[in-house]
Amino acid sequence: MSSAITGWEHPDPLQRADDGLNCHHDGQGGKKAGQAGSSSSSQPTYSVLDVPPWYLCILLGIQHFLTALGGLVAVPLILAKDLCLQHDPLTQSYLISTIFFVSGLCTLLQVFLGVRLPILQGGTFAFVAPSLAMLSLPAWKCPEWTFNASLVNTSSPEFTEEWQKRIRELQGAIMVASCVQMLVGFSGLIGFLMRFIGPLTIAPTISLVALPLFDSAGSNAGVHWGIAAVTIFLIVLFSQYLKNVAVPVPVCGGKKCHTSKFYLFQVFPVLLALCLSWLLCFVLTVTNALPTAPTAYGHLARTDTKGNVLSQAPWFRFPYPGQWGLPTISLAGVFGIIAGVISSMVESVGDYYACARLVGAPPPPRHAVNRGIGIEGLGCLLAGAWGTGNGTTSYSENVGALGITRVGSRMVMVAAGCLLLVMGVFGKIGAAFATIPTPVIGGMFLVMFGVITAVGISNLQYVDMNSSRNLFIFGFSIYCGLAIPSWVNNNAEKLQTGILQLDQVIQVLLTMGMFVGGFLGFFLDNTIPVHLHSRNKAWKDPPFDGGARMVLLEDCSLPQQRELRERPCDGTLDGPGREGSLEERGLLVWNQMQEDSEETAKALEVYRLPCGIGTKVCTSSCTQYLPFWPRLGAGSREQGRNLLARLFQDPSGARGKGASETKL
């Protein structure tokens, strides 16, 4: 999971010509192995409009599935305890299969009808915090007998009703909140919201998605710290120390076979670590090195504690809407999930721009972004109807995988979506992942949640952190996001208003660290004024070259550089009453990404709807007023406006190359 900004950084694997498995078709007119690296390491081997050979689509589709596997499996396992399912691995396997199926369906919808970039859809951690907050309400806390494995009869109607009524409550909240996301996307409101949401809002929001989960990660890892430490060691070894080690693999193409370099440890660090730790637990179980007594320390590290799941799970099980019953709705759950929806939307917008850059596509225009957010809302609606216990969002891990493989074809993501659908139907697949030993899961959580926290903080690279204003906003937001939920959890009775629904809404929102921190960051960032003399440096954006970068400009104290500045150093702002400066708050780059999405001919080709919709059919003049509909003829106007803006911003007044040929 990445942030809305960090995906713009040029990934290190993209700098090498040998990254990925270069086993492309080398026939006449095809793309040869390593061809991309010979010309420019930043050019994808297959762009978004190219269609690779069918076998390459399947192989890279499998890779995308494996890349997203950790996040897809983690979400149901995190929710299991609060759904009273910690002693029911069979139902956990059903949830895993369901989230596989819905993720595949939403991926196909996003590729064909959404933003039309190769972005995989899957479960989101942004929904985990509000889900846990809602399930922590007194009305939804699990009964004590569900925590005792000897008292739980997973086939009894009483137990079935206990967990199903909780997941039905989650379903209803997710479905209502998804309607809000569809409204924001299809109405074009996302562009308006992005004007006020910057890095100082995103950083605490994303960081506080993972920080409050330290208790869950520590509890799982504490079942057997030795196994958890081995898992952490392997993940760190593969992802950090061995990521540049290439493994030779045989590749057959045409009439001869040869070996090609494949960065195995860089592509599958989590999967390899899980498999090896899993194997270690199996060996220790067979040799009885782990205790057999259920109450002994380390017993849950044995692989036979969930061994009957594979035999009980059906070979084929088709998930369907309403499989857990009719969803129910509560006001508290809806408000909590809406907070998660906002965080998910902002993250997805950043993923769109990062993905476009990595696959060699123009930045997505506004109608494509609006359509992508709207389709993600539709995906959350489907996830709620199917009963995954979670929503869907764009997977940043798979955006990073595009930089490794340099294959940005849409057809690869179509193959990944079809694979997810197939995996969701095979019941044994979900059952296998439900048998992962608890300390192995805990070790994975410790690494995964730490990375998510760091990704959130990394948004501050676009903010002037020499400013005491920005330091205060971020530090205060983070600390309150940890302190306030902790106090509310321990003193819920002191917030009673006498109105049950209002009490539940207040408790859910104030126990969500991501809501508390994100709201404070948003409010303070948009209201606290700033004077330029309060910081030593001013920031200026360079000409936009497809990457989000900022360079340090002149010191305001140097008189010889005062003529170069676009802003005065007398402590005033650009306009009267303006709150904050765009440079200091990091919004200059943020807004530049929006403004540079001109609809050129290539952008129209990439982001248009399939089957000629909007270009050959359904071209009524009424459709031009739809915020998510492609606009014909808008490219030249947008391009001209951006060109004029750049000419006026250029201190030298020099005209850009090709400027004289642009017709306004």
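In the block above lies the structure referred to throughout.
Residues numbered from 1 in each chain as written. Predicted model: local features only at pLDDT ≥ 70, side-chain atom pairs only at ≥ 80, totals over all residues. Heavy atoms only, no water.

S.K.: Give a description of the state of the cysteines that names residues and reports values.
M.R.: Applying the stated criterion across every chain, the model contains 1 disulfide. Note that Cys84 is cross-linked by a disulfide to Cys142, the S-S spacing being 2.1 Å. When the S-S torsion is -105 degrees, as for the bridge of Cys84 with Cys142, the disulfide is left-handed. In this pair, Cys84 is assigned in the loop between helix H2 (54-80) and helix H3 (89-112) and Cys142 in the loop between helix H4 (128-135) and helix H5 (157-186), connecting sequence segments 58 residues apart. Residue Cys84 shares its accessibility class with Cys142, and that shared class is buried. Between Cys106, a free cysteine, and Cys380, which holds the nearest cysteine sulfur, the sulfur-to-sulfur gap is 7.5 Å. What makes Cys106 buried here is its relative accessible area of 4%. (Disulfide = S-S within 2.5 Å. Helix = DSSP H or I, 4+ residues; strand = E, 2+ residues; numbered from the N terminus. Buried < 20%, exposed > 50% of the residue type's maximum accessible area, 1.4 Å probe, protein only.)

S.K.: Account for helix H21 (residues 513-527), naming residues and giving values.
M.R.: Over its 15 residues, H21 extends 21 Å from the first C-alpha to the last, a length consistent with the 21 Å expected when each residue adds 1.5 Å. Listed as buried for H21 are Gly513, Met514, Val516, Gly517, Gly518, Leu520, Gly521, Leu524, Asp525 and Asn526. (Expected span 1.5 Å × (residues − 1).)

S.K.: Please provide a residue-by-residue account of the environment of Leu626, values included.
M.R.: Within the fold, Leu626 resides in the loop between helix H24 (601-607) and helix H25 (634-649). On a C-alpha basis, the gap between Leu626 and Gly188 in space is 8.6 Å, while along the polypeptide they are 438 residues apart.

S.K.: Lay out the side chain of Ser131 with the relevant residues and their values.
M.R.: If you trace the backbone, Ser131 turns up in helix H4. For Ser131, a relative accessible area of 0% corresponds to the buried category. Within the structure, Ser131 has its side chain in polar contact with the backbone oxygen of Phe127 (distance 2.6 Å). Setting aside residues up to four positions removed in sequence, Ser131 forms contacts with Leu79, Leu170, Ile337 and Gly389. (Polar contact = N/O pair within 3.5 Å; in protein donor to acceptor, adjacent residues only side chain to side chain. Contact = heavy atoms within 4.5 Å.)

S.K.: Give a detailed account of the packing of helix H7 (residues 199-210) against helix H19 (residues 468-490), specifying residues and quantitative values.
M.R.: The interhelical angle for the contact between H7 and H19, taken along N-to-C directions, is 25 degrees, at an axis separation of 10 Å. As far as their axial angle goes, H19 and H7 are roughly parallel. The crossing of H7 and H19 is right-handed. From H7, Leu200, Ala203, Pro204, Ser207 and Leu208 reach across to H19, where they touch Arg469, Asn470, Ile473, Phe474, Ser477, Ile478, Gly481 and Leu482. Partitioned by chemical class, the residues of the contact of H7 with H19 number 8 nonpolar, 4 polar and 1 charged. (Axes fitted to C-alpha atoms, helices over the stretch in contact; angles between N-to-C directions. Parallel < 35°, antiparallel > 145°, perpendicular 65-115°, else oblique. Left-handed = near helix turned anticlockwise from the far one by under 90°. Nonpolar A, V, L, I, M, F, W, Y, C, P; charged D, E, K, R; others polar.)

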